[in-house]
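Listed below, chain by chain, are the residues.
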Amino acid sequence: MRCPDIHRAVLAACALAGTCALAAASALASPAEVKGEVDARLHAQLPSIETRDYALGSAAFDEELRAQEDAHADAAKPVLAKGAALWKRRFKDGHTLSACFPNGGRRVAVAYPQYHPRLKLVFTLEMAINQCLKAHHEALLDYDGAEMAAITAYVRSLSDGYRVAVRVPGAAQAHFENGRRMYFSRLGQRNFACASCHIVAAGKRYADVPLSPVVGQAARWPFLRGEEVLTLQAQIRACLERMGAAPFPAGSEELNDLEYFLTYLSNGLPIRANAWRP
Amino acid sequence: MRGAALAVAALAFAAASAARAEALTGAQIFLRPDKGNCAACHQVSDPAAPKTRSDLGPRLEGARMRSIGRERLRALLTDPMAGNPETLMPPYGRHRILDASQIDRVLDYLDALP
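Residues numbered from 1 in each chain as written. Chains lettered and ligands numbered in written order. Predicted model: local features only at pLDDT ≥ 70, side-chain atom pairs only at ≥ 80, totals over all residues.

## Re the overall build of chain A
For chain A, the count of helices and strands is 12 helices and seven strands. The C-alpha atoms of chain A give 18 Å as radius of gyration, which agrees with the globular expectation for 278 residues (19 Å, within 12%). C-alpha atoms of chain A, sized along the principal axes, occupy 55 × 45 × 40 Å. A buried classification covers 46% of the 278 residues belonging to chain A. (Helix = DSSP H or I, 4+ residues; strand = E, 2+ residues; numbered from the N terminus. Rg over C-alpha atoms; globule rule 2.2 N^0.38 Å. Buried ≥ 20, exposed ≤ 12 C-beta atoms within 10 Å, placed from the backbone.)

Take a look at the structure:
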């Protein structure tokens, strides 16, 4: 049996080892205060891990995994070549995706997702790519399709090494709060919250793999598994499946808000896109 | 009439036996990701179980399982939050991840651990 009504589950009471106080206390806290509380908890819990190493995810806790990633450092080349070709492809009107973004897309990924004040919603990198296509009368791409994944892999590679710098203006706080609330809520048949694994149990091993801390997760997407490109939202959807919850659609307001919350928590960490995963 | 009733009972018995024969063992329920998936969190003292470094939950050993006792373990598997609202363990009975018979088989497996 799966829990079909995820919205009801989202609203269910949070009762999670050591995070209830954090979640409750954070209910009216500013994004900076929430980030401060999460950072402090992880530092207390993982004293041997440097903050900059949070961006390594599971590999921060496992030398062997880190060596495997290093050995597959070139795995992204074919995907990046495909993404670059799509990025520079001329539209029917002669424009390109590259020309839609400042600096040809260099360093733009650090500021996504961002709040769109006119639409009053969180605007992701994928939405910005589709907005460019729409403005130039090109067919839109599937949010979680292979072409969109290749383009985001390439664009995020143009920000490799630059620090995540997502802003949450006052008007966007409800979206940040929605993402925070979902992160701390138990969901699905297995009754886990995202925070169960990535805050409470960060660094412990689930199915033999160390659980990545919440801080850093948004700095290192997409991942490559074989030839598949896993965006942050694809990864969240896979987690929701494991939790026995019906995953929200890619690009839904729920996942966009969750991505917004997660990315803000990774502010200040350098982007490391396209790491290989076993 | 009595003969027909006996035949129906025999058929029912045969069907139940066949279902039991096909039923997963406690070890299988313990390990399978779509069932208990217990090995994702716990190491276990079963020499036949895959070796893992999973440590989200405590290592499960026979002596400890037997000292806790079958009924307390059953309550824990059914609804661990009843005893500990902050636990990360799934409510196998309350959320119908496993049925009563499957929980029984997992309890048999835990009880028989070395």
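Still more ground to cover, so stick around.
## With respect to the sheet that holds strand E6 (residues 228-230) of chain A
Reading across the sheet, the three strands line up as E6-E5-E7 (chain A) and stay open at both edges, with mixed pairing between neighbours. Taken across any chain shown, the strands that pair with only one partner, and hence form the sheet edges, are E6 and strand E7 (275-276) of chain A. (Pairing = 2+ DSSP bridges.)

## Some details on unusual backbone geometry
All names here are of chain A. Cis geometry is adopted by the peptide bond preceding proline 113, which originates at tyrosine 112 and carries an omega value of 0 degrees. By the element assignment, proline 113 lies in the loop between helix H6 (97-100) and strand E1 (114-116). Looking along the chain, the bond that leaves tryptophan 221 and enters proline 222 is cis, with omega of -5 degrees. Here proline 222 shows up in the loop between strand E4 (209-210) and strand E5 (223-225). Unlike most non-glycine residues, lysine 120 shows phi in positive territory, near 55 degrees. With respect to the helices, strands and loops of the structure, lysine 120 is situated in the loop between E1 and strand E2 (121-123). Classification of lysine 120 as exposed rests on a count of 11 C-beta atoms within 10 Å. Of note in the backbone geometry, histidine 137 takes a positive phi value of approximately 60 degrees without being a glycine. With respect to the helices and strands, the residue histidine 137 is situated in the loop between helix H7 (125-135) and helix H8 (146-157).

## Focus: the interface of chain A and chain B
Taken residue by residue, the interface counts 16 residues in chain A and 16 residues in chain B. Where the side of chain A that touches chain B is concerned, the elements lending two or more residues are helix H10 (194-200) and strand E3 (205-206) of chain A. Classifying every residue of the side of chain A that touches chain B gives nine nonpolar, three polar and four charged. (Contact = placed C-beta atoms within 7 Å. Nonpolar A, V, L, I, M, F, W, Y, C, P; charged D, E, K, R; others polar.)

## Some words on the environment of B:Ala40
All names here are of chain B. Mapped onto the elements of the fold, alanine 40 is located in the loop between helix H2 (26-31) and helix H3 (62-68). Note on alanine 40: 18 C-beta atoms within 10 Å, which makes it partly exposed. For the pair alanine 40 and isoleucine 29, spaced 11 residues apart in sequence, the C-alpha to C-alpha distance is 12 Å.

## Quick notes on helix H11 (residues 232-242) of chain A
Those residues of H11(A) that sit buried are A:Leu232, A:Gln233, A:Ala234, A:Ile236, A:Arg237 and A:Leu240. Downstream of H11(A) by one or two residues, A:Gly244 has phi in the positive range, about 80 degrees.

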